[in-house]
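If you want the building blocks of each chain, they are given just below.
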Amino acid sequence: PEQPGFPDFITDNDDYFVTRIGGAPTLEEDSYRLAITGLIAHEIELTLDDLRMLPTTEVLNTLECIGNSSNGSFVGTAEWAGFSLNDLLVSQGIGLGATHARFGCADGYWSSLTLEQIEDEGVIGALRMNGDDLPAEQGYPLRIVLPGYYGVKHPAWVTEIELISGPIDDLYETSGWDCSPPMPVDSKIFFPTSGTEVAAGVPFDVGGAAFGGTRVA
């Protein structure tokens, strides 16, 4: 029998899962500012136009909610585009003793990354998603994307990046979650589908996909 093909691995923006701690805040383009503070040589506030003028970096990334159940729907893949966070921080002069960045968000959420993660893991400040401006539900105008890690490490509606001298608990870690591990390997077979009969000795195609951490196959 004819086998189904692979699905479209890119999740449409309208179908991408949404998790948040409250309502989606409304941030206006003209008044938006990103403040970079803390252990940085040049504290600065950047407009959205300033961020858009930075060199563009793109990443194809599969993201999963840390609370997603087995075979749950809180997972999606998108093409994110924005700027290299490491390049931006280096350009402003990372201060002596800085080890982490804390991200403050307009909805009251916060999380943090090590500067080593920011440098080594290809972290971007995402301004666009699947070719469009970042949707309001996905964190317009700025969301942090850390490939290979759960959504708790992808703060949305970011308004402040503070460089600090040590680790802090992320919002969900104050409730007992461990937000630090990368996503484990997960996989799915798309074809043949369950219950499909195959004849002995006759070749047939098997197709599937896997992702985990920064590995996608």
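Coordinates for the structure precede this section.
1. Quick notes on the overall build of the protein
Line of reasoning, step 1. The helix and strand tally for the protein stands at 3 helices and 13 strands.
Line of reasoning, step 2. By the burial criterion, 43% of the 217 residues in the protein qualify as buried.
Line of reasoning, step 3. Here the analysis covers contacts within the protein between residues at least 6 apart in sequence; of these, 67% occur between residues at least 24 apart.
Line of reasoning, step 4. Entry remark: accessible area of the protein is about 11400 Å², with carbon and sulfur atoms responsible for 50%.
Line of reasoning, step 5. Of the side-chain charges in the protein, 9 are positive and 33 negative, and the distance between the mean point of each set is 3 Å.

2. A few points about the pattern of salt bridges
Line of reasoning, step 1. Enumeration according to the criterion identifies 5 salt bridges in this entry.
Line of reasoning, step 2. Where Arg 52 meets Glu 29, a salt bridge forms, and the shortest distance between an N and an O atom there is 2.6 Å. Pair noted here: Arg 52 is in helix α1 (residues 48–52) and Glu 29 is in the segment before β1 (34–38), with a separation of 23 residues, a long-range link.
Line of reasoning, step 3. Between Asp 133 and Arg 128 there is a salt bridge, and its shortest N-O distance comes to 3.0 Å.
Line of reasoning, step 4. A residue is classified by how much of its surface remains accessible, and Arg 128, at 34% relative accessible area, is partly exposed.
Line of reasoning, step 5. Put simply, Glu 29, Asp 49 and Arg 52 are held in one network by salt bridges that share partners.

3. Some remarks on the nonpolar core
Line of reasoning, step 1. One finds Trp 80, Leu 85, Phe 103, Ile 118 and Ile 161 to be the most contacted residues of the largest nonpolar core, which totals 51 residues.
Line of reasoning, step 2. Here this core takes 4 residues from strand β7 (residues 124–129), the largest share from any one element.
Line of reasoning, step 3. Ignoring any residue separated from it by four or fewer positions in sequence, one finds Phe 103 in contact with Leu 85, Tyr 109, Trp 110, Ser 111, Ser 112, Leu 113, Ile 118, Ile 144, Pro 155, Val 158, Glu 160 and Ile 161.

Criteria and thresholds
- Residues numbered from 1 in each chain as written.
- Predicted model: local features only at pLDDT ≥ 70, side-chain atom pairs only at ≥ 80, totals over all residues.
- Heavy atoms only, no water.
- Helix = DSSP H or I, 4+ residues; strand = E, 2+ residues; numbered from the N terminus.
- Buried < 20%, exposed > 50% of the residue type's maximum accessible area, 1.4 Å probe, protein only.
- Contact = heavy atoms within 4.5 Å.
- Areas by Shrake-Rupley, 256 points an atom, 1.4 Å probe, with all protein chains shown as cover.
- Lys, Arg positive; Asp, Glu negative; His and termini not counted.
- Charge placed at Lys NZ, Arg CZ, Asp CG, Glu CD.
- Salt bridge = Lys/Arg side-chain N within 4 Å of Asp/Glu carboxyl O.
- Core = buried A, V, L, I, M, F, W, Y, C linked by side-chain atoms within 4.5 Å.

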